[in-house]
Amino acid sequence: MNKSKDISWIAEQALPTLAKFGYSEDFQCQPALSEKTRTIFRNRLMSAFAHLLSDLKGYSFPCNLLQNFSPDAVEMDTGIVDAKDRATSTMDRILKKIKKANSEEKASLQALALLYSLVIFQLYNGEPEAISILDELKLCYDKLIRHKVTDDSEADASEVLVELLLSLISKPSALLRKVTQHVFGAFMTEITAGGLELMTDVLESDESLRGQQQLFDQELEDGDLIEQDSGDDDLDSDVEVVDMNGEEGHLKSHLAEVQDESDDADEVNEIDSGDENDEDDEDAKKLDEALAKALGGHRLEEGNEESDSDADMTDSEMMALDSKLVEIFSQRKKFPNKKQEQKDAKETMVNFKSRVLDLLEIYVKKQAANPLAFDLLLHLLQLIRTTKTKQLAEKAHNIILTFAKGFKTTKKAEDAQSVNISDQTKLLKAIHLEASKDPSHMFAKAASNASLLVASSMYRADKSSVKKIATIYRDSQVAWLEGEVKMQAAFFTEWVNWCQSHANA
């Protein structure tokens, strides 16, 4: 039986049923569906989309569904209705273009239609950012698809698209992760240096509460961390946090492992909690003082002999004291747990960086001959050197290896046209400087792979550039020999092996 027929019942029955109970008035339900029940159906629908979007061809599931049901159970004011109508109209136009498009044009059209459909569902779900996202999508559609000069002519459509995708993958949703990967893959040839810079900015941010605040423009008010995501119902299996061991779980939250060395782990805790420990101590002091006041004005640590004086208290005084203590501890519960905030913030940042790395891996696989891809190497090395999360470092190194593998399969003529020897020479020097900042074996391996990748691109474009490459390696080796820098010997032996393989060829 044809696979498409196997799942036809999903598009014809399952999805419409979930949508009907989630968004439409159903007069057969007695009593009427509660908002909480509708939310469960909506979450299940999003989860179904996540499973169906194994590739970009799954775009038709949410798009077709939107055209075949009415969200009359969703309360929308005039502004939201207008935004919905405009977005639906644009999506319909894109769907018509898909039918007429050739194979090269289809991917970007399907990706944009998919993105439109999911944001319209977010609008129905009451997401506050949905309307502004639809405005950004319209700009992307006008510039990237229609190639129209808009009033906002200075806006870089690829940067707008990247910002939009980053905002989506910052949320713990399996569906949004898949959607962003499909959309990014479809538009990666349109991504400019500015768009890639937005992604590398994420990699350079601190894996801490402070880094999260800076990246998401958050502010702390009265010690409360602004929520990143309102969170879904516990039954929503679309909620996802990536386990840095490579596993993806629903409603699981695992803090990524830090470096194997215990000293590094201690350093992470000190960096992450540093200033916040002082705030915890201050909160404890305030609690202590409140208790001392309630117990008669003596601090608890003073060891006052009168601490047993409650034996002389009357029943009414004891009841008053109990009431006061309940009030004090109730207030204590409202104090933010700084250590937990730090832990949650680090986990958020690690997962966010991991998802950005997923997008960059997609990019280097298909854009290995693109000069912009080489600019990513230094950022990946800096992440490997500075992160305290071992899995992020390994993931970044694997992207460099993927890049090198993809470069080998590119056509020589294509590569020769794109490589600028002067720019690559500067990049190679920067990589060697970066390599000298960390003598660890893992970092040396990553830096060597990046260095040889750049060297290969130069040599392929112009064999005479090998003299410049050798000079850079010689200078680094002399600095290492004279003790000016600390580097692994393997960094240079791998260069010798590279030379031997090319000499033999």
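Just so it is clear, the structure is predicted and the values come from calculations on it, not from any experiment.

K.L.:
Explain the overall build of the protein chain here, please?
P.N.:
Each helix and strand counted, the protein chain has 22 helices and two strands in total. In the protein chain, the proportion of contacts linking residues at least 24 apart, taken out of those at least 6 apart, comes to 72%. Carbon and sulfur atoms form 49% of the exposed surface of the protein chain, whose accessible area is close to 26,900 Å².

K.L.:
Sorry if this is basic, but what is going on with the packing of helix α19 (residues 421-435) against helix α21 (residues 466-481) here?
P.N.:
Between two packed helices, what matters for the description is the angle formed by their axes and the separation of those axes. Axis separation between α19 and α21 bottoms out at 10 Å; the angle between their running directions is 15°. As far as their axial angle goes, α21 and α19 are roughly parallel. As α19 packs across α21, the resulting crossing turns out to be right-handed. Note on element contacts: α21 touches α19 through K468, I469, I472, Y473 and S476, opposite I421, T425, L428, K429 and H432.

K.L.:
For this particular structure, what's the right way to read the nonpolar core?
P.N.:
Proteins that are soluble and globular tend to have nonpolar side chains buried together. In this structure, L45, F49 and F121 are the most contacted members of the largest nonpolar core, which totals 120 residues. Considering every element that reaches this core, the biggest residue donor is helix α6 (residues 103-124), with 13 residues. Excluding its chain neighbours within four sequence positions, the residues that come into contact with F49 are L15, F61, P62, L65, L118, F121 and L175.

K.L.:
What exactly am I supposed to notice about the packing of helix α20 (residues 441-461) against α21 here?
P.N.:
Here α20 crosses α21 at 155°, and the two axes come no closer than 9 Å. Looking at the two axes, α20 sits roughly antiparallel to α21. Between α20 and α21, the residues in contact are S451, L452, A455, M458 and Y459 and V466, I469 and Y473, respectively. Partitioned by chemical class, the residues of the contact of α20 with α21 number seven nonpolar, one polar and no charged.

K.L.:
What should I look at first to understand the packing of aromatic side chains in this one?
P.N.:
Any two aromatic rings considered together are summarised by their centre-to-centre distance and by the angle between their planes. Inspection of the entire model under this criterion finds 18 aromatic pairs. Measuring from ring centre to ring centre gives 6.2 Å for F121 and Y124, while their planes differ by 80°; the resulting arrangement is edge-to-face. Highlighted residues: F121 and Y124, both in helix α6, separated by three residues, approximately one helical turn. Accessibility assignment for this pair places F121 and Y124 in one class, buried. Here the aromatic rings of F216 and F352 are separated by 5.5 Å at their centres, their planes lie at 25°, and the arrangement is stacked. On the criterion of sequence distance, the pair formed by F216 in the loop between α11 (209-215) and β1 (240-242) and F352 in helix α14 (residues 338-366) is long-range, its members being 136 residues apart. Through a chain of ring-to-ring contacts, the aromatic side chains of Y459, Y473, W480, F491, F492, W495 and W498 assemble into a single cluster. Lying across the ring of Y459, K463 places its NZ or CZ 5.4 Å from the centre.

K.L.:
Would you mind going over helix α5 (residues 78-100) with me for this structure?
P.N.:
The periodicity of an α-helix, 3.6 residues per turn, causes residues three or four positions apart to be oriented the same way. With 23 residues, α5 ought to run about 33 Å at 1.5 Å a step, and its terminal C-alpha atoms sit 34 Å apart, in line with that. Residues A83, K84, A87, T90, M91, I94, L95 and I98 constitute the buried set of α5. Where the residues of α5 are buried, they touch α4 (60-66), α6 and α7 (130-145). Between a side-chain oxygen at the N-terminus of α5 and the backbone nitrogen of G79 the separation is 3.1 Å; the capping residue is D77.

What counts as what
All residue numbers here refer to positions counted from 1 along the written sequence of the relevant chain. Where totals are concerned, whole chains, interfaces and linings use all residues; where local detail is concerned, this predicted model gives features only for residues with pLDDT of at least 70, and gives and counts side-chain atom pairs only at 80 or more. The side-chain values count all of the structure's non-hydrogen atoms but skip hydrogen atoms and water molecules. Counting from the N terminus, the helices are DSSP H or I runs at least four residues long and the strands are E runs at least two residues long. The contact definition used throughout considers only heavy atoms, calling two residues in contact when any of these lie within 4.5 Å. Under the convention used here, a 1.4 Å probe and the Shrake-Rupley method define accessible areas, while residue burial counts only the protein chains that appear. Axis lines are fitted through C-alpha atoms, for helices just across the contact stretch, and the angle between N-to-C directions can take any value from 0 to 180 degrees. What sets the label is the angle itself: under 35 degrees gives roughly parallel, over 145 gives roughly antiparallel, 65 to 115 gives roughly perpendicular, and the rest give oblique. The sense of a crossing depends on the near helix, which, turned anticlockwise from the far helix by less than a right angle, makes the crossing left-handed and, turned clockwise, makes it right-handed. Put simply, a nonpolar core is a bunch of buried Ala, Val, Leu, Ile, Met, Phe, Trp, Tyr and Cys residues held in one set by side-chain atoms that sit within 4.5 Å of each other. Only protein chains enter the accessibility calculation, which uses a 1.4 Å probe. A residue is then buried if its area is under 20% of the maximum for its type, exposed if over 50%, and partly exposed in between. Classification used: nonpolar for Ala, Val, Leu, Ile, Met, Phe, Trp, Tyr, Cys and Pro, charged for Asp, Glu, Lys and Arg, polar for all others including Gly. Side-chain rings of Phe, Tyr and Trp (the six-membered ring for Trp) are treated as a pair once their centres are within 6.5 Å; stacked means planes under 30 degrees apart, edge-to-face means over 60, and tilted covers the remaining angles. Distance and angle both matter: a charge sits over a ring if NZ of Lys or CZ of Arg is within 6 Å of the ring centre and within 35 degrees of the ring normal. In a helix, the anticipated span is given by 1.5 Å times the number of residues less one. Identification of polar contacts relies on pairs of N or O atoms within 3.5 Å, with a donor-acceptor requirement for protein atoms, meaning one able to donate a hydrogen and the other able to accept it, and with residues adjacent in sequence counted only if both atoms are side-chain atoms.

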